[in-house]
Amino acid sequence: MKLKKINGLIAAPFTPMNEDGSINLTVIEKYAEKLKKDGLKGVFICGTTGEGMLLTNSERKTITKKWLEQQTDDFKIIVHVGTTSAKQSGELAIHAQKSGAYAIGSMGPVFLKPTQTEELVDFCAEVAGAAPDLPFYYYHIPSVSGVTLSMVEFLQKAAPVIPNLAGIKFTHNNFMEMQQCLQLDDGKWDILSGFDEMLLAGLAFGAKGTVGSTYNFMAPLYNQIINAFKNKNLAEARAMQNKTVQIINILLKYNGAVVAGKALMKSVGIDCGKCRVPLRNMTEIEYNNFINEIKSVGFYNLINPTNL
Ligand SMILES: CC(=O)N[C@@H]([C@@H](O)[C@H](O)[C@H](O)CO)[C@@H](O)CC(=O)C(=O)O
């Protein structure tokens, strides 16, 4: 399979929900329009940020169909199909391919975790094999999945048995390993940088595509980091990355990037509602304090493209 690499920002969108916790599809068209206007190259749906593992397979298929109504050549829909079961993930992969998704991704099995690379390869081979016409990305996110195997070894052992293997969504801060993956097989693999606050480091090691949650509401800042890096203006790139770090620190202080990021979306015009258990939503007092802290670092001026 001849694979094109992803270049630029891919958002990991929140899954909009109603007050009763049901999924809210009515927001997705407006959501996609905002992301396209902000310069996103697509979305990676039903991942960590999308609370994918807190949704039923039926809900994930419904969300997939809705997002796919927004897909264009310049706005790619990548579907996270990871679950604890290769069979369940395979079912989602079949649906994603039938529905016309650009690609699929899957994290490793988080229950009965693989302890050796061959076990992870076997899991991914079954999932990727269910959608043989789509590029498959392994979703490496050890801080959440607990699957901490070598990605270099994974690529080496997976390549011969997963013909549609495209690369790795590398949500990890081991940049030595990321660099090795980027260099492997003459740079064949598409290695997507997954930590927004370390985007500049990923760019420095050669990553071209990136997936993240804060691209939902800070994309103009990150596109400025990418442009400053391309123009060799590292002082500006570092200054902008530092601003994103300030904001991410506040998100992490208020129940984390998923809960706080999802709550923030309403203030940028896309009301995504609350998160599902076991995630703990903010109280009203916490939310007011959160917004005040976000304002105190100039967030709303920062994301206003006319100020960039
Ligand atoms: C652990 C985690 O949630 N990582 C986020 C980051 O975008 C993260 O929210 C951001 O770097 C702030 O820490 C993404 O990599 C996750 C992601 O791409 C996804 O939700 O599919």
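Residues numbered from 1 in each chain as written. Predicted model: local features only at pLDDT ≥ 70, side-chain atom pairs only at ≥ 80, totals over all residues. Heavy atoms only, no water.

By the naming in an unreviewed UniProt entry, the chain is N-acetylneuraminate lyase, taken from Maribellus comscasis. The Subcellular location (unreviewed entry) comment attached to the chain in UniProt states, word for word, "Cytoplasm". For the chain, the Sequence similarities (unreviewed entry) comment in UniProt is given as "Belongs to the DapA family." (UniProt positions renumbered as here; feature names shortened; annotations may be inferred.)

Engineer: Please clarify how the pattern of salt bridges should be interpreted in this entry.
Structural biologist: Between side chains of opposite charge, a pair can form when the charged atoms approach closely. One pass over the full model with this rule turns up 11 salt bridges. Glu126 is the partner of Lys87 in a salt bridge, and the nearest nitrogen-oxygen pair spans 2.7 Å. Here Glu126 lies in helix α4 (residues 117-129) and Lys87 lies in helix α3 (residues 86-99), a separation of 39 residues in the sequence. Judged by its relative accessible area of 37%, Glu126 falls in the partly exposed class. Taking the shortest distance from any N to any O, the salt bridge between Lys157 and Glu153 comes out at 2.9 Å. Residue Lys157 and its partner Glu153 are located together in helix α6 (residues 151-158), separated by four residues, close to a single helical turn. The partly exposed category is assigned to Lys157, whose relative accessible area is 34%. The partly exposed category is assigned to Glu153, whose relative accessible area is 28%. Counted as one network, the salt bridges with shared partners bring together Lys34, Lys37 and Asp38. (Salt bridge = Lys/Arg side-chain N within 4 Å of Asp/Glu carboxyl O. Helix = DSSP H or I, 4+ residues; strand = E, 2+ residues; numbered from the N terminus. Buried < 20%, exposed > 50% of the residue type's maximum accessible area, 1.4 Å probe, protein only.)

Engineer: Would you explain the UniProt feature "binding site: pyruvate" (unreviewed entry) in the chain in this entry?
Structural biologist: Residues given the UniProt feature "binding site: pyruvate" (unreviewed entry) here are Thr49 and Val211. A maximum C-alpha distance of 10.7 Å is found for the annotated residues, which run over 163 residues; spatially they form one tight group. Here Thr49 is to be found in the loop between β2 (42-45) and α2 (57-68). The exposure class assigned to Thr49 is buried, which follows from its relative accessible area of 8%. Mapping Val211 onto the fold places it in strand β8 (residues 209-212). When residues no more than four places from it in sequence are discounted, the contact partners of Val211 are Ile10, Ala12, Phe44, Lys169, Leu192, Ser193, Gly194 and Asp196. (Contact = heavy atoms within 4.5 Å.)

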